[in-house]
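# Chains, contacts and geometry: an overview
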Amino acid sequence: MGIDDVLRYLGADPAALAPAPSGWARREASARLAPPPPPCAGCGWPARATTAADLPDYGLRGLDRCRDCFLATVGMTPAPVPATEEQVLADVRAAAFEAGVSLVILVDRAEGARRG
């Protein structure tokens, strides 16, 4: 299952979803849900959860959902977990940079430790 299944379940038109900024992060999500929150893409109630979805033919769009619609569809999309060690480390570095945190990563492997 994927984002198409979520949109179909909610009855949401991808063209009606607001464009999301290319550097979507938690900061943008928090600002998007600040009062007054946008309406849920499914039922129109105030949204409590938001995410960015890269939709074919539409680009990156904000998908806002109320609590009930979020809970009804959360299992339909796979978690965006990085697949490789390098991707995980890149995400951790980016988060630390965004937070202004100094970071040293040590990775312990069979062949020895690597400093990241």
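Residues numbered from 1 in each chain as written. Predicted model: local features only at pLDDT ≥ 70, side-chain atom pairs only at ≥ 80, totals over all residues. Heavy atoms only, no water.

## Structural notes on the overall build of the protein chain
Scanning the protein chain from N- to C-terminus turns up four helices and four strands. Each helix (α) and strand (β) of the protein chain, taken in turn from the N terminus, gives the series α-α-β-β-α-α-β-β. Counting all 116 residues of the protein chain, 24% fall into the buried class. Counted over contacts in the protein chain with a minimum sequence separation of 6, partners at least 24 positions apart contribute 49%. Per element, the accessible surface of the protein chain, about 7,800 Å² overall, is 58% carbon and sulfur. (Helix = DSSP H or I, 4+ residues; strand = E, 2+ residues; numbered from the N terminus. Buried < 20%, exposed > 50% of the residue type's maximum accessible area, 1.4 Å probe, protein only. Contact = heavy atoms within 4.5 Å. Areas by Shrake-Rupley, 256 points an atom, 1.4 Å probe, with all protein chains shown as cover.)

## Quick look at the environment of Val107
Among the structural elements, Val107 can be located in strand β3 (residues 106–109). With 22 residues separating them along the chain, Val107 and Glu85 place their C-alpha atoms 9.5 Å apart.

## Re the nonpolar core
By size, the foremost hydrophobic cluster in this structure holds twelve residues: Val6, Leu7, Leu10, Ala12, Leu17, Cys40, Ala53, Leu55, Leu63, Cys66, Cys69 and Met76. Among the elements of the structure, α1 (3–10) and β1 (49–55) are those that each provide at least two residues to this core. Top element by residues in this core is α1. It accounts for three residues. (Core = buried A, V, L, I, M, F, W, Y, C linked by side-chain atoms within 4.5 Å.)

## Considerations on the confidence of the model for the protein chain
When pLDDT is averaged across the protein chain, the result is 82; 84% of the residues are at 70 or more. Of all helices and strands in the protein chain, the one with the weakest mean pLDDT is strand β4 (residues 112–115) (52), whereas helix α3 (residues 67–73) scores best (92). (pLDDT = per-residue confidence, 0-100.)

## What to know about the state of the cysteines
This structure, assessed with the given rule, holds zero disulfides. The cysteine Cys40 is free of any disulfide, with Cys69 supplying the nearest cysteine sulfur at 3.6 Å. Just so you know, Cys66 is unpaired, no disulfide at all, and the nearest cysteine sulfur is the one on Cys43, 3.5 Å from it. Of the residues examined, Cys66 reaches a relative accessible area of 8% and is grouped as buried. (Disulfide = S-S within 2.5 Å.)

## Overview of the pattern of salt bridges
Any two side chains of opposite charge can pair, so long as their charged atoms come close to each other. Applying the stated criterion across every chain, the model contains two salt bridges. Of the charged contacts, one joins Arg8 and Asp5 as a salt bridge, the two residues approaching to 3.0 Å between their closest N and O atoms. With a gap of three residues between them, Arg8 and Asp5 both fall in helix α1, about one helical turn apart. Judged by its relative accessible area of 60%, Arg8 is exposed. We classify Asp5 as partly exposed; its relative accessible area is 22%. Between Asp68 and Arg67 there is a salt bridge, with the nearest N and O atoms lying 2.8 Å from each other. Residue classification places Arg67 among the exposed positions, given a relative accessible area of 54%. (Salt bridge = Lys/Arg side-chain N within 4 Å of Asp/Glu carboxyl O.)

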